[in-house]
Amino acid sequence: MDKYRNALKIRLWFSALYCAAVVTVILLGMFRPGDAHGNDYISGFSLGMCCGIAFVMITFMIKIIGALRNPEKLKKLYIKETDERIRLIQSKAGSAGISVAVAGILLAAIVAGYWNATVFFTLIAAALFISLVVLAMKAFYWSKYTE
Amino acid sequence: MKTKIAEYRKQRRISQEELAMAVGVTRQTITSLEVGKYTASLVLAYKIARYFGTTIEDIFDFSDLEEL
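Residues numbered from 1 in each chain as written. Chains lettered and ligands numbered in written order. Predicted model: local features only at pLDDT ≥ 70, side-chain atom pairs only at ≥ 80, totals over all residues. Heavy atoms only, no water.

Scanning chain B for helices and strands turns up 5 helices and 0 strands. Traced from its N-terminal end to its C-terminal end, chain B shows the element sequence α-α-α-α-α. For chain B, whose C-alpha radius of gyration is 11 Å, the value lies close to the compact-globule estimate of 11 Å for 68 residues. Out of the 68 residues in chain B, the part that is buried amounts to 40%. Intrachain contacts of chain B at a sequence separation of at least 6 include 52% that bridge at least 24 residues. A total of about 4,400 Å² of accessible surface is found on chain B, and carbon and sulfur atoms cover 51% of it. Separation of charge centres in chain B, based on 10 positive and 10 negative side chains, amounts to 8 Å. (Helix = DSSP H or I, 4+ residues; strand = E, 2+ residues; numbered from the N terminus. Rg over C-alpha atoms; globule rule 2.2 N^0.38 Å. Buried < 20%, exposed > 50% of the residue type's maximum accessible area, 1.4 Å probe, protein only. Contact = heavy atoms within 4.5 Å. Areas by Shrake-Rupley, 256 points an atom, 1.4 Å probe, with all protein chains shown as cover. Lys, Arg positive; Asp, Glu negative; His and termini not counted. Charge placed at Lys NZ, Arg CZ, Asp CG, Glu CD.)

This is the structure in structure tokens:
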């Protein structure tokens, strides 16, 4: 459990670092509408996404701090994270989800190709990138679990 | 896969939560094992058998296992 406790502390530090980075970026005004990206919508989206992730991280940090102070909560959190059925569900959902996502992106690329070539090539590039990541992951786990 | 986990648990008056905490899984995993919706890994099967002081074959029913 000491190993897990240390892992949680590392996660806590990374989360705090991320939140501090988001606050710094906001204070520096990098997400000011029309400033950094020259587009209000993109600036707003970037700011919203970064703040959303920071908010999720803060809730995780609260959970981690609570677990680090209470051994019973720590054990429950450990069990929840290492439960084999939950891991199997995540693994199956991930592999099936990626296949569906790539198929969906390729279909969208074909449809978008009738109107806009840029969108078509962007979607093809996205599908290619996801497929390459999946291939790299497969190669990694193949070598990890073979002989 | 059919199991005798519920049987053993009731005999010893142990709740699903207690068993789950003892073998390091969630209560939902114990429920899934009991109703046969999930098949335990070898490690989990060993932990459950050891917890009840019996063998894996006694708790888990391998009669439905397909032979190749």
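Having put the structure on the table, let's press on.
So, about a nonpolar patch on the surface. Residue and element names in this part refer to chain A. Together, Phe129, Val133, Met137, Phe140, Tyr141 and Tyr145 make up a nonpolar patch on the protein surface, roughly 670 Å² of accessible area in all. For Phe140, the position within the fold is in helix H5 (residues 117-144). A relative accessible area of 45% places Phe140 in the partly exposed class. (Patch = residues over 30% accessible without salt bridge, like charges linked within 9 Å, V, L, I, M, F, W, Y side chains within 5 Å. Salt bridge = Lys/Arg side-chain N within 4 Å of Asp/Glu carboxyl O.)

This paragraph deals with the pattern of salt bridges. All names here are of chain B. All told, the structure shown has 3 salt bridges over all chains when counted by the stated rule. Asp58 is the partner of Lys4 in a salt bridge, and the nearest nitrogen-oxygen pair spans 3.6 Å. Linking Lys4 in the segment before helix H1 (5-11) with Asp58 in helix H5 (residues 56-59), this pair joins segments that are 54 residues apart in sequence. The salt bridge partner of Arg9 is Glu34, with a shortest N-O separation of 2.6 Å. With Arg9 in helix H1 and Glu34 in helix H3 (residues 27-35), the pair connects residues that are 25 residues apart, well separated along the chain.

Taken together, the 9 residues of chain A in the interface contact 14 residues of chain B. Taken together, both faces of the contact between chain A and chain B bury some 900 Å²; the carbon and sulfur share is 59%. Ranking the residues of chain A by area buried against chain B places Ile79, Glu84 and Arg85 of chain A at the top, with a combined share of 63%. On the surface where chain A and chain B come into contact, there are 0 salt bridges. By residue class, the composition of the side of chain A that touches chain B is 3 nonpolar, no polar and 6 charged. (Buried area = accessible area lost by both parts, 1.4 Å probe. Nonpolar A, V, L, I, M, F, W, Y, C, P; charged D, E, K, R; others polar.)

Glycine aside, a negative phi is what most residues show, and trans is what most peptide bonds show. A positive phi angle, close to 55°, is found at Arg13 of chain B, a residue other than glycine. One can find Arg13 of chain B in the loop between H1 and helix H2 (16-23).

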